[in-house]
Amino acid sequence: MNDSGALLPWLVIRQDDNGNRYRVGRYATRSEAQKVVDSLDDRGHKQLYWVERIGQTATAN
């Protein structure tokens, strides 16, 4: 049995101006997910991006 949540437990989440949240991607490590967030932030996107682990509720930072 393959549980992909265990293999890719880190999510990048985007919140738009209306408060809607979307999963951007799933990653194996927090570091990898944070690099994606940093890259999106560096491009000047106006949406809010953050990293959270599957099964945990995160507060946007």
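Just so we're clear, the structure is a prediction, and the values are computed from it rather than from any experiment.

K.L.:
Which parts of the structure should I look at to understand the nonpolar core?
P.N.:
Side chains of a nonpolar character, in soluble globular proteins, are inclined to be buried together. Among the nonpolar cores identified, the biggest contains eight residues, and these are Trp10, Val12, Tyr27, Ala33, Val37, Leu40, Tyr49 and Val51. Among the secondary structure elements, those contributing two or more residues to this core are strand E1 (10–15), helix H2 (30–42) and strand E3 (48–53). In terms of residues, this core owes the most to one element, H2, which gives three residues.

K.L.:
Honestly, the sheet that holds E1 in this entry has me stumped. Any pointers?
P.N.:
Backbone hydrogen bonds are what pair the strands of a sheet, in a parallel or an antiparallel way. Judged by pairing direction, the sheet is antiparallel, and its three strands sit side by side in the order E2-E1-E3 without closing on themselves. Of all strands in the sheet, those bounded by a partner on one side alone are strand E2 (21–27) and E3. On average, adjacent strands in this sheet sit at an angle of 25° to one another, irrespective of strand direction. In this sheet, E2 lies alongside E1 in antiparallel orientation, the contact comprising six bridges. The residue bridging Val12 from the neighbouring strand is Gly25, located in E2. Along the sheet, H2 makes contact with E1, E2 and E3, crossing E3 at roughly 175°.

The rules behind each value
- Residues numbered from 1 in each chain as written.
- Predicted model: local features only at pLDDT ≥ 70, side-chain atom pairs only at ≥ 80, totals over all residues.
- Heavy atoms only, no water.
- Core = buried A, V, L, I, M, F, W, Y, C linked by side-chain atoms within 4.5 Å.
- Buried < 20%, exposed > 50% of the residue type's maximum accessible area, 1.4 Å probe, protein only.
- Helix = DSSP H or I, 4+ residues; strand = E, 2+ residues; numbered from the N terminus.
- Pairing = 2+ DSSP bridges.
- Axes fitted to C-alpha atoms, helices over the stretch in contact; angles between N-to-C directions.
- Contact = heavy atoms within 4.5 Å.

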